[in-house]
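Structural features, examined
Each chain is listed here by its residues.
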Amino acid sequence: MAAGRSTRPVTIVTGFLGSGKTTLLGGVLSEPSMSNTAVLVNEFGEVGLDHHLLRRVDERAVLLGNGCVCCTTREDLVDALLELLDLDQRGEIPRLDRVVVETTGLADPAPILHTVFVDPVLQHHFSVDLVLTTVDAVNGDLHLDRNPESVKQIAAADKIVVTKTDAAGPEAVRGLISRLGAINPSARVFEAAFGEMDAGELFRQDGAVSHAAARATAVEPHDVGETHSVSLTFDGAVDWAAFGIWLSMLLHTRGEDVLRVKGLLDVGKAGPVVVNGVQHTIHPPEHLDRWPDEDHRSRIVLITKEIRPEELLGSLEAFGGLLGARPSPLGAGHVVPSQ
Amino acid sequence: MCVLCGQDFVAQVHWTDRHLEDRARAAAPGSDPVAYQGDRRRDRAHRVVLTNEILCHYGLKLDDWGGSKYVIRDRKGRSEIVQDLGSLWPAAERLAGRALDPLDPTLRQVLADERALPVAGGG
């Protein structure tokens, strides 16, 4: 009863085949602070994870009505999370601090988010706090060129870990990091040589500050192949109802081309609204009491496929009468920061 | 569906309604329900006005239905009941017979022209 509204954080670890997800987890989970973490994996890989709360889940996806891939419910995940919840509430396992879901290399993380947000029980007990994506410094460029799935994984990420930096040259690493920044300007990028990474750093919830990242890395609209990203702001407070109309309309018609929406929106209240969405799946927007920093402007990053930034800006401009503010690209003239 | 009030139970709150839902849940027992309901009604009415500014270009119209649902109608008298913005757009697409795309250059042009020529008493 006393648990009230507290939800257990779920961290999604994704990354392309062989990009070092399990190695990274193996290192991080051995730290004492992570002992009350349950891990759900899709397959037991060659690198064994030695952890007492390890569960294997077989990917069972249930495609819903309109057949859109990102709006599928992962039944296997529902069952596994409900079982963990049951064990936790009966007190049969130590208090559950966190659940880590490791996806297969080919998985699209959107259905996992969708599953947690939509399930009538899970939505009250779990919340997705962050999506971690691993990228292999040696083969990362190749994966990004050839596999649209890996671009989706980067777009969905809140934090990106570049692994195997020990095996690639510093030039290659720098090039990859700047490419990642161009695809997803809102994500924080870390480097992990030999799969070593500080758990605190990786799993720390940056809260609203992480959503403000758009400002720090604001760059000109970027085009990487067919993926475009744009950081934008508004010249005043935005009508939240109107923004909801615009975004829900966009997601209905062009949802599969919108890989990511993330940022803070000034709605004319004391604090901003945190907007965070991966494809069709929007995190429950959080209305904050105050701004996380001094900058009180809206800042939103949109990562799209096929849709050009000019189209998005033009559309927001046309909706300006409803929104009550006009959009403008953020930080034009900046270059991609090289961390 | 509840047989007494004809309302179905909504397990899934659309993200655009979340701020209202969260406030309702956060409200302490014994707090004034009327204040919250007033805001909720005002919010819904505001959303209907804004949505109609877009829907009118497709020959559609939205109304609030009893403060719990919305009804979308076309000019032939066909109508659908929708729960939230998530189910509104598919219904609008069915009634209009085409996709409602905010990136559509024609729609953008029409909206831009409207802004350039503010019509008195339009809202």
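1. Concerning the overall build of chain A
Looking only at helices and strands, one finds 13 helices and 17 strands in chain A. Expressed as a percentage of the 339 residues in chain A, the buried residues total 49%. Put simply, 75% of the contacts in chain A that link residues at least 6 apart link residues at least 24 apart.

2. Focus: the overall build of chain B
Across its full length, chain B carries four helices and three strands. In chain B, which comprises 123 residues, the share counted as buried stands at 17%.

3. Quick notes on the interface of chain A and chain B
At the interface, 26 residues of chain A touch 27 residues of chain B. Put simply, the parts of the chain that give the side of chain A that touches chain B at least two residues each are α11 (240–254), α12 (309–318) and α13 (320–323) of chain A. Here the element with the most residues in the side of chain A that touches chain B is α11(A); it accounts for 11 residues. Here the side of chain A that touches chain B is composed, by residue class, of 15 nonpolar, nine polar and two charged.

4. Points about the packing of α11(A) against helix α3 (residues 85–96) of chain B
Across the interface, α11(A) lies against α3(B) with an axial gap of 9 Å and an inter-helix angle of 55°. In this view, α11(A) runs oblique relative to α3(B), as classed from their interaxial angle. Relative to α3(B), α11(A) is oriented so that their crossing is right-handed. Contacts between α11(A) and α3(B) pair Gly244(A), Ile245(A), Ser248(A), Met249(A) and His252(A) from the former with Leu85(B), Gly86(B), Trp89(B) and Pro90(B) from the latter.

5. Quick notes on the nonpolar core
Residues and elements named next belong to chain A. Membership of the largest hydrophobic core comes to 100 residues, with the highest contact counts inside it found for Val-99, Val-101, Ile-160, Val-162, Ala-242, Ile-245 and Trp-246. Per element, the largest residue contribution to this core is 10 residues, and it comes from α11. Structurally, this core is a two-domain feature, drawing no fewer than three residues from each of domain 1 (8–205) and domain 2 (213–329). Beyond its immediate sequence surroundings of up to four residues, Val-101 is in contact with Val-10, Ile-12, Val-13, Leu-40, Leu-77 and Ile-112.

6. Let's talk about the sheet that holds strand β2 (residues 69–74) of chain B
Residue and element names in this part refer to chain B. Pairing in this open sheet of three strands is antiparallel, and the strands run β1-β2-β3 from one edge to the other. Two strands bound the open sheet, and with one partner strand each, they are β1 (60–65) and β3 (79–82). The average angle at which neighbouring strand axes cross in this sheet is 25°, direction not considered.

7. Comments concerning the confidence of the model for chain A
Residues and elements named next belong to chain A. Taken as a whole, chain A shows an average pLDDT of 80; of its residues, 81% reach a score of 70 or greater. Mean pLDDT across the elements of chain A bottoms out in helix α10 (residues 213–216) (46) and peaks in α11 (94). Confidence over residues 1–5 falls short of pLDDT 50; this stretch has zero contacts with residues more than four positions distant or in other chains. Contacts for the low-pLDDT stretch residues 213–218, under 50 throughout, to residues beyond four places or in other chains number 20 contacts.

8. Looking at α12(A)
Every buried residue of α12(A) is accounted for by Leu312(A), Ser315(A), Leu316(A) and Ala318(A). Projected down its long axis, α12(A) carries its buried residues within an arc of 160°, all on one side.

9. So, the confidence of the model for chain B
Residues and elements named next belong to chain B. Summarising the model, chain B shows a mean pLDDT of 83, and 85% of its residues fall at 70 or more. Across chain B, the secondary-structure element scoring lowest on mean pLDDT is helix α1 (residues 18–26), at 74, and the one scoring highest is β1, at 95. Taken together, the chains of this predicted complex give a pTM of 0.83 and an interface ipTM of 0.88.

10. With respect to the packing of α12(A) against helix α4 (residues 105–116) of chain B
Viewed as axis vectors pointing N to C, α12(A) and α4(B) meet at an angle of 35°, and their least axial separation amounts to 8 Å. For α12(A) against α4(B), the interelement crossing comes out left-handed. Across the interface between the two elements, Gly314(A), Ser315(A) and Ala318(A) from α12(A) touch Arg108(B), Leu111(B) and Ala112(B) from α4(B). By residue class, the composition of the contact of α12(A) with α4(B) is three nonpolar, two polar and one charged.

11. Points about the pairing of strand β16 (residues 299–305) of chain A
Two faces belong to every sheet, and in a regular strand the side chains alternate between them. Residue and element names in this part refer to chain A. Along β16, six of the seven residues are buried, which leaves the element largely enclosed by surrounding structure. Two elements, strand β12 (residues 258–265) and β16, share six bridges in a ladder whose sense is antiparallel. Each bridged residue has a counterpart across the sheet, and for Lys-262 the counterpart in β16 is Val-301.

12. Examining the environment of Arg174(A)
Residues and elements named next belong to chain A. Take Arg-174: it is sitting in helix α7 (residues 170–183). The class for Arg-174 is partly exposed, based on 13 C-beta atoms found within 10 Å. For Arg-174 and Ala-137, which are 37 residues apart along the polypeptide, the C-alpha to C-alpha distance reads 9.4 Å.

13. Concerning unusual backbone geometry
Its identity as a non-glycine residue notwithstanding, Gln279(A) has a phi of 50°, on the positive side. Its identity is not glycine, yet Glu306(A) carries a phi of approximately 70°, on the positive side.

14. Topic: the environment of Gln12(B)
Residue and element names in this part refer to chain B. Along the chain, Gln-12 turns up in the segment before α1. Classification of Gln-12 as partly exposed rests on a count of 14 C-beta atoms within 10 Å. Separated by 30 residues in the primary sequence, Gln-12 and Arg-42 have C-alpha atoms spaced 22 Å apart.

15. Thoughts on the environment of Ser87(B)
Mapped onto the secondary structure, Ser87(B) falls in helix α3. A C-alpha to C-alpha distance of 15 Å links Ser87(B) and Trp65(B), two positions 22 residues apart in sequence.

About the thresholds
- Residues numbered from 1 in each chain as written.
- Chains lettered and ligands numbered in written order.
- Predicted model: local features only at pLDDT ≥ 70, side-chain atom pairs only at ≥ 80, totals over all residues.
- Helix = DSSP H or I, 4+ residues; strand = E, 2+ residues; numbered from the N terminus.
- Buried ≥ 20, exposed ≤ 12 C-beta atoms within 10 Å, placed from the backbone.
- Contact = placed C-beta atoms within 7 Å.
- Nonpolar A, V, L, I, M, F, W, Y, C, P; charged D, E, K, R; others polar.
- Axes fitted to C-alpha atoms, helices over the stretch in contact; angles between N-to-C directions.
- Parallel < 35°, antiparallel > 145°, perpendicular 65-115°, else oblique.
- Left-handed = near helix turned anticlockwise from the far one by under 90°.
- Core = buried A, V, L, I, M, F, W, Y, C linked by C-beta atoms within 7 Å.
- Domains from an automatic or database assignment.
- Pairing = 2+ DSSP bridges.
- pLDDT = per-residue confidence, 0-100.
- Arc of directions from axis to C-beta.

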